[in-house]
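The chain contents come next:
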Amino acid sequence: MASSSRRRFIYQTSLFAGLFSFRKVASASSVAPVNPSGPIVLSTWSHGIPANVAAWEILAKGGRSLDAVEAGVRIPEADPNVTSVGLGGYPDRDGHVTLDACIMDEFANCGSVACLEHIVHPISIARLVMEKTPHVMLVGEGALKFALDNGYKKTNLLTPESEQHWKEWLKDANYKPVVNWENHDTIGMIALDSKGNLSGACTTSGMAYKLHGRVGDSPIIGAGLYVDNEVGAATATGVGEEVIRICGSHLVVELMRQGASPGDACREAVERIVKKQPQRSKELQVGFLALNKHGEFGSFCLQKGFNFAVKSDLHDNSLFDSKSHY
Ligand code: SD4
């Protein structure tokens, strides 16, 4: 699909959903347990395409959305050529690759790790936190110890290519810690399975050359990801600080609960960022992606350039361009 017709499609989808979603969302508690429209999975950015393939293998067989989103995001986590997620991610300014991830299921179970080093699959550690501990979030050394105690092995996540990039960055005396929005492409994945249950996963190496110890929105439930099985799911990408400030993904889901279509809910969240930080919002990227209980989806972002992949029986896993504020 050409990008202009994709854009039109998104707009029309949002418009259509906007007209009908109030009644549908309001009656979400009576939605039948089987999803009549079939499963669907959405992921941020082009690395979402291979991720969706892995997720779809599970969804197409009637599998659980939680298993699908975990399997899906493990693909870019293990890909050394994806420099914003997992292995091969750009490091912080001290040369450490520190990873953030979270996962959430249809029962509002959730797990998260932040500033985790040396582990290729932070999403699976987040799931272990969710399933094996009474906690939601483990960070840094504690998260690493937990991963090792559960049989995961240490891996050097800094590839020669990413190390080289970091060394070039170190030479640039003029660098100011201004957000470079091309440089941080989290994968956020949200899915609805054939039983009508929603889950989501979000995983990243975060902002390149961040201060050591910096944590973005991606591992924070309600910021980088939120799932409410009565309503919908949302995930975020871009400058985490801005997403945290407005509790972005939770906001998107709550707006859908109040009747907004997924696209309109994402737009409202982005406009809130613009309203609070009009000047700064011109220089950074934030994008939201949302899916409601009925399989309707939408997105909105600050700057042109955010895209996402969609796979369902009706969608062939090609990329959609998001509508943007600027
Ligand atoms: C962060 N939100 O660490 C992440 C980075 C990102 O697209 O999304 N990139 O702030």
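What counts as what
- Residues numbered from 1 in each chain as written.
- Predicted model: local features only at pLDDT ≥ 70, side-chain atom pairs only at ≥ 80, totals over all residues.
- Heavy atoms only, no water.
- Helix = DSSP H or I, 4+ residues; strand = E, 2+ residues; numbered from the N terminus.
- Buried < 20%, exposed > 50% of the residue type's maximum accessible area, 1.4 Å probe, protein only.
- Areas by Shrake-Rupley, 256 points an atom, 1.4 Å probe, with all protein chains shown as cover.
- Arc of directions from axis to C-beta.
- Contact = heavy atoms within 4.5 Å.
- Axes fitted to C-alpha atoms, helices over the stretch in contact; angles between N-to-C directions.
- Parallel < 35°, antiparallel > 145°, perpendicular 65-115°, else oblique.
- Left-handed = near helix turned anticlockwise from the far one by under 90°.
- Nonpolar A, V, L, I, M, F, W, Y, C, P; charged D, E, K, R; others polar.
- Disulfide = S-S within 2.5 Å.
- Pairing = 2+ DSSP bridges.
- Core = buried A, V, L, I, M, F, W, Y, C linked by side-chain atoms within 4.5 Å.

J.: Give me the overall build of the protein: which residues, what numbers.
T.: Counting secondary structure elements, the protein contains nine helices and twelve strands. Taken across its 326 residues, the protein has 59% of its residues classed as buried. Within the structure as shown, the protein displays about 13,300 Å² of accessible surface, and the carbon and sulfur contribution to it stands at 55%.

J.: Talk me through helix H5 (residues 140-149); I want residue IDs and the actual numbers.
T.: For H5, every residue scored as buried is listed here: Gly140, Ala143, Leu144, Phe146 and Ala147. Down the axis of H5, the smallest arc covering the buried residues is 160°, so these residues share one side. Of the exposed residues in H5, those oriented more than 90 degrees away from the buried face are Glu141, Lys145 and Asp149. Where H5 is buried, its residues meet strand S3 (110-116), helix H4 (122-132) and strand S4 (137-139). Within two residues after H5, glycine 151 carries a phi angle of roughly 95°, on the positive side.

J.: Which residues make up the side chain of serine 112, and what values do they have?
T.: Tracing the sequence through the fold places serine 112 in strand S3. When its relative accessible area of 0% is taken as the criterion, serine 112 is described as buried.

J.: Run through the packing of helix H8 (residues 248-257) against helix H9 (residues 262-276), naming residues and quoting values.
T.: Contact pair H8 / H9: the axes reach a minimum separation of 8 Å and the direction vectors enclose 130°. It follows that H8 is oblique to H9 by the angle criterion. The two elements H8 and H9 cross, and the hand of that crossing is right-handed. Contacts from Leu251, Val252, Leu255 and Met256 of H8 reach H9 at Pro262, Ala265, Cys266, Glu268, Ala269 and Arg272. Its residues placed into classes, the contact of H8 with H9 shows eight nonpolar, no polar and two charged.

J.: With reference to specific residues and values, describe the state of the cysteines.
T.: Evaluation of the coordinates by the stated rule reveals zero disulfides. For cysteine 102, which is in no disulfide, the shortest distance to another cysteine sulfur is to cysteine 202 and amounts to 5.4 Å.

J.: Which residues make up unusual backbone geometry, and what values go with them?
T.: For cysteine 115, which is not a glycine, the phi torsion comes out positive at approximately 55°. Within the element layout of this structure, cysteine 115 appears in strand S3. Exposure remark for cysteine 115: the relative accessible area of 12% places this residue in the buried category. At tyrosine 209, a position not held by glycine, the phi torsion is positive, near 65°. Of note, tyrosine 209 is situated in the loop between strand S6 (198-204) and strand S7 (225-228). Look at tyrosine 209 and you get buried, because its relative accessible area is 3%.

J.: Could you give me a rundown of the sheet that holds strand S9 (residues 286-292), with the residues and numbers involved?
T.: Two pairing modes exist for strands in a sheet, parallel and antiparallel, and in both the strands are linked by backbone hydrogen bonds. Sheet architecture is open: four strands sit in the order S7-S8-S9-S10, paired in antiparallel fashion. Sheet topology places S7 and strand S10 (297-301) at the edges, where each strand pairs with a single neighbour. Sheet twist, expressed as the average angle between the axes of neighbouring strands with direction ignored, equals 10°. Relative to S10, S9 runs antiparallel, the two being bridged by five bridges.

J.: Go over the nonpolar core with me, naming the residues and quoting the values.
T.: Residues Leu42, Val252, Phe288, Leu291, Phe297 and Phe308 are the most contacted members of the largest nonpolar core, which totals 47 residues. Ranked by residues supplied to this core, first place goes to H9 with six residues. Grouped together as the second largest cluster of nonpolar side chains are 31 residues, Trp56, Leu59, Ile119 and Ala143 included.

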